[in-house]
Amino acid sequence: MQITLENQVAIVTGASSGLGEASARALAKAGAAVVVNYHSKAKPARDLVKAIKQDGGQAIAVGADVSNEAEVDMMFQKAIDTFGHVDILVANSGMQKDAAAEDMTLEDWNTVLSVNLTGQFLCARAAIRQFKAQGVLDNVSRAAGKIIHMSSVHQTIPWAGHVNYAASKGGVDMLMRTLAQELAHQRIRINGIAPGAIRTPINETETKGASGRKLLKLIPYGRIGDPDDVANAVVWLASDLSDYVVGTTLTIDGGMCLYPGFINNG
Ligand code: NAD
């Protein structure tokens, strides 16, 4: 069965690198017009737009800080001015500022929470307002809109030395499930993805050399993930093939959440 997202418009935040970039490419390949959001790196976002257009797709690059209410609203307005509607939001932007709890500054705590949790709330709120204003569009999708929140296995697995990040992702889980419960009756479908270790700029050092080999011990399936492992799931969750999937987190981790420490342990 082939997935088509033709006539649909997707906003992907943090799409100038990593999982956002792969998701934007995959959504465009499936036929969606894509808003490629970036924070500080305009060039890779513009290059991605160029590549999508060269492949016959539609895309624009929009700079916006997801933790800034006015910039998020501006990003949605640009999407609507350009493409007329919004059908899919991939709230993907995220960051780490790691430190032992006793050394973590309030600023680093607040920055991570602002981007990873408040940023996802602001984008979801703007999407919900737009989906409700549009209603269910004929010949577009069975849902009035779809939101995919990029979480992490650390919504479940505690992570020493990363308390701000783990707390933000735990928050994303409850944000996603509460919004899904609140909006399902409006035919707005909201789900999450919890990646394990996927090779992207966020974990460049952890996935290489000796650190990479140590990391592999946590992954029963025996490989570090590729961005397309996540992007393929984004396309499926955005499509009508997953129309009855509501308020669920899809874990994509090669088995990292299966307590691999218990393998051969008595
Ligand atoms: P990445 O660093 O390549 O991507 C993060 C993106 O977020 C970047 O494009 C960055 O510019 C953007 N961003 C940061 N602050 C922003 C802001 N204020 N406004 C808008 N955009 C902002 O890393 P990635 O691995 O692709 O991460 C994408 C998402 O996946 C994040 O939410 C991350 O927590 C999550 N994740 C990644 C992994 C992994 O192994 N790579 C695992 C679990 C979860």
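The rules we used
- Residues numbered from 1 in each chain as written.
- Predicted model: local features only at pLDDT ≥ 70, side-chain atom pairs only at ≥ 80, totals over all residues.
- UniProt positions renumbered as here; feature names shortened; annotations may be inferred.
- Near = placed C-beta within 6 Å.
- Helix = DSSP H or I, 4+ residues; strand = E, 2+ residues; numbered from the N terminus.
- Nonpolar A, V, L, I, M, F, W, Y, C, P; charged D, E, K, R; others polar.
- Pairing = 2+ DSSP bridges.
- Axes fitted to C-alpha atoms, helices over the stretch in contact; angles between N-to-C directions.
- Contact = placed C-beta atoms within 7 Å.
- Expected span 1.5 Å × (residues − 1).
- Parallel < 35°, antiparallel > 145°, perpendicular 65-115°, else oblique.
- Left-handed = near helix turned anticlockwise from the far one by under 90°.
- Core = buried A, V, L, I, M, F, W, Y, C linked by C-beta atoms within 7 Å.
- Buried ≥ 20, exposed ≤ 12 C-beta atoms within 10 Å, placed from the backbone.
- Right-handed = clockwise from strand over helix to strand, strands pointing away.
- pLDDT = per-residue confidence, 0-100.

- Looking up the protein chain in an unreviewed UniProt entry gives the name Glucose 1-dehydrogenase, with the organism given as Pigmentiphaga litoralis.
- UniProt annotates the protein chain under Sequence similarities (unreviewed entry) with the comment "Belongs to the short-chain dehydrogenases/reductases (SDR) family."

## Regarding the site of the ligand
Phase 1: In the vicinity of the ligand there are 25 residues, among which Gly14, Gly18, Gly94, Thr200 and Ile202 approach most closely.
Phase 2: Ranked by the residues each element gives to the shell around the ligand, the list is headed by helix α1 (residues 18-29), at three residues.
Phase 3: Of the residues that constitute the shell around the ligand, the class distribution is ten nonpolar, 14 polar and one charged.

## Focus: the sheet that holds strand β2 (residues 33-38)
Phase 1: The seven strands are arranged β3-β2-β1-β4-β5-β6-β7 in an open sheet whose pairing can be described as parallel. The sheet is open, and its two edges are formed by β3 (59-63) and β7 (249-252), each paired on a single side. Direction aside, the axes of adjacent strands within the sheet are offset by 15° on average.
Phase 2: Here β2 pairs with β3 via five bridges, running parallel. Residue pairing in the sheet places Tyr38 in a bridge with Gly63 of β3.
Phase 3: Packing against the sheet, helix α4 (residues 106-134) makes contact with β4 (88-91), β5 (145-150) and β6 (188-195), and its axis sits at approximately 175° to β4.

## A word on helix α2 (residues 42-54)
Phase 1: If you check α2, its first and last C-alpha atoms are 18 Å apart, about what 13 residues at 1.5 Å a residue would give, namely 18 Å.
Phase 2: Contacts from the buried residues of α2 go to α1, β2 and β3.
Phase 3: Backbone geometry just after α2 places Gly56 at a positive phi near 90°.

## Describing the packing of α4 against helix α5 (residues 163-183)
Phase 1: In contact at an axis separation of 9 Å, α4 and α5 are set at 15° when each is read in the N-to-C sense. Between α4 and α5, the angle is such that the two are roughly parallel. You can see that α4 and α5 cross each other, and the crossing is right-handed. Across the interface between the two elements, Asp108, Trp109, Val112, Leu113, Asn116, Leu117, Gln120, Phe121, Ala124 and Ile128 from α4 touch Asn164, Tyr165, Ser168, Lys169, Gly171, Val172, Leu175, Leu179 and Leu183 from α5.
Phase 2: Of the residues assigned to the contact of α4 with α5, the class counts are twelve nonpolar, five polar and two charged.

## Examining the nonpolar core
As a rule of thumb, nonpolar side chains are buried together in soluble globular proteins.
Phase 1: In this structure, Ala10, Val12, Leu27, Ala32, Val34, Val36 and Val234 are the most contacted members of the largest nonpolar core, which totals 76 residues.
Phase 2: Element by element, the count of residues in this core is highest for α4, at ten residues.
Phase 3: Not counting the four nearest positions on each side in its chain, Val12 is found in contact with Gly20, Ser23, Ala24, Leu27, Val34, Val35, Val36, Asn37, Val90 and Asn92.

## Here we look at the pairing of β5
Phase 1: The buried count for β5 comes to six of six residues, which makes it a mostly enclosed element.
Phase 2: On β5, burial covers both faces: Gly145, Ile147 and His149 on one face and Lys146, Ile148 and Met150 on the other are all buried.
Phase 3: Of the strand pairs in this sheet, β4 and β5 are connected by four bridges, and their pairing is parallel. The partner of Ile88 across the bridge, within β5, is Lys146.
Phase 4: Where the polypeptide runs from β4 across α4 and back to β5, its parallel neighbour, the crossover connection is right-handed.
Phase 5: Alignment of β5 against β6, held across six bridges, turns out to be parallel. Note that in β6 the partner of Lys146 across the bridge is Arg189.
Phase 6: With respect to chirality, the unit in which β5 leads through α5 into the neighbouring parallel β6 is right-handed.

## Notes on the environment of Ile188
Phase 1: The topology assignment puts Ile188 in strand β6.
Phase 2: Using a count of 22 C-beta atoms within 10 Å as the deciding quantity, one classes Ile188 as buried.
Phase 3: With 38 residues separating them in the primary sequence, Ile188 and Met150 have C-alpha atoms 17 Å apart.
Phase 4: In contact with Ile188, other than residues within four places in its own chain, are Ile128, Phe131, Ala143, Ala144, Gly145 and Leu183.

## Details of the confidence of the model for the protein chain
Phase 1: Summary statistics for the protein chain give a mean pLDDT of 97 and a share of 100% for residues scoring 70 or more.
Phase 2: Overall fold confidence (pTM) sits at 0.98, and the ipTM for the predicted complex is 0.99.

## Let's talk about the packing of helix α3 (residues 69-83) against α4
Phase 1: Orientation of α3 relative to α4, taken along the N-to-C sense of each, is 40°, at an axis distance of 9 Å. Considering the angle they form, α3 stands oblique to α4. Considering only the axes of α3 and α4, their crossing is right-handed. Contact with α3, carried on its side by Glu69, Val72, Asp73, Phe76 and Ile80, involves Leu122, Cys123, Ala126 and Gln130 of α4 and no other residues of that element.
Phase 2: Grouping the amino acids of the contact of α3 with α4 by side-chain chemistry returns six nonpolar, one polar and two charged.

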